[in-house]
Amino acid sequence: MNYGKKVWVFPDAELPPEGLNTIPGHESVIITNTGQSDAHVTITLLYTDSPPVKDIHVTVEGQRVRCLRTNETKDFGPHTARFEQQYAILLESDVPIVAQYGRAEPRQVSFYTTTGYCCD
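Residues numbered from 1 in each chain as written. Predicted model: local features only at pLDDT ≥ 70, side-chain atom pairs only at ≥ 80, totals over all residues. Heavy atoms only, no water.

**Student:** So what exactly am I meant to see when it comes to the pairing of strand β2 (residues 26-33) here?
**Tutor:** Note on strand geometry: in a regular strand, side chains alternate between the two faces of the sheet. β2 sits mainly inside the fold: 6 of its 8 residues count as buried. Pairing analysis gives 6 bridges linking β2 to strand β5 (residues 64-69), with the strands arranged antiparallel. Bridge pairing links Asn-33 to Arg-64 in β5. (Buried < 20%, exposed > 50% of the residue type's maximum accessible area, 1.4 Å probe, protein only. Helix = DSSP H or I, 4+ residues; strand = E, 2+ residues; numbered from the N terminus. Pairing = 2+ DSSP bridges.)

This is the structure:
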């Protein structure tokens, strides 16, 4: 059974500085595919003062989870996040997925996750 939705939006993304605290700064998008078929996900990054970056493609195998770190070139290629830049993340999948955004925030020594807005 496929749980989730095909479209997810995370409106408050911002790669925090690495920091010197016990929690190193980072952010990630976690995608869970509960179905049997692979999920082909297209990522679009929307910025406050720049044109969007479109057509970042990732695959999440069936019945698997994938964590994408926004500052890792293996996950976002040349479109890695810049420190303290405000942007939003749009995920569009060909099968239902469940997605979550997480940020380790060294400026306040906190870690939080949030589900995004989702629709089909």
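**Student:** Explanation requested: the pattern of salt bridges in the structure shown.
**Tutor:** Should their charged atoms come close, side chains of opposite charge can pair. Scanning the model with the defined rule gives 2 salt bridges in all. A salt bridge links Asp-75 to Lys-74; its shortest N-O distance comes to 3.4 Å. Asp-75 sits in the buried class, given a relative accessible area of 7%. Members of the salt-bridge network, linked through shared partners, are Arg-66, Lys-74 and Asp-75. (Salt bridge = Lys/Arg side-chain N within 4 Å of Asp/Glu carboxyl O.)

**Student:** I keep staring at a nonpolar patch on the surface and nothing clicks. Help me out?
**Tutor:** Taken together, the side chains of Met-1, Tyr-3 and Val-98 define a hydrophobic patch exposed on the protein surface, amounting to about 350 Å² of accessible area. With respect to the secondary-structure elements, Val-98 resides in strand β6 (residues 87-105). Among the residues examined, Val-98 registers a relative accessible area of 32% and is labelled partly exposed. (Patch = residues over 30% accessible without salt bridge, like charges linked within 9 Å, V, L, I, M, F, W, Y side chains within 5 Å. Areas by Shrake-Rupley, 256 points an atom, 1.4 Å probe, with all protein chains shown as cover.)

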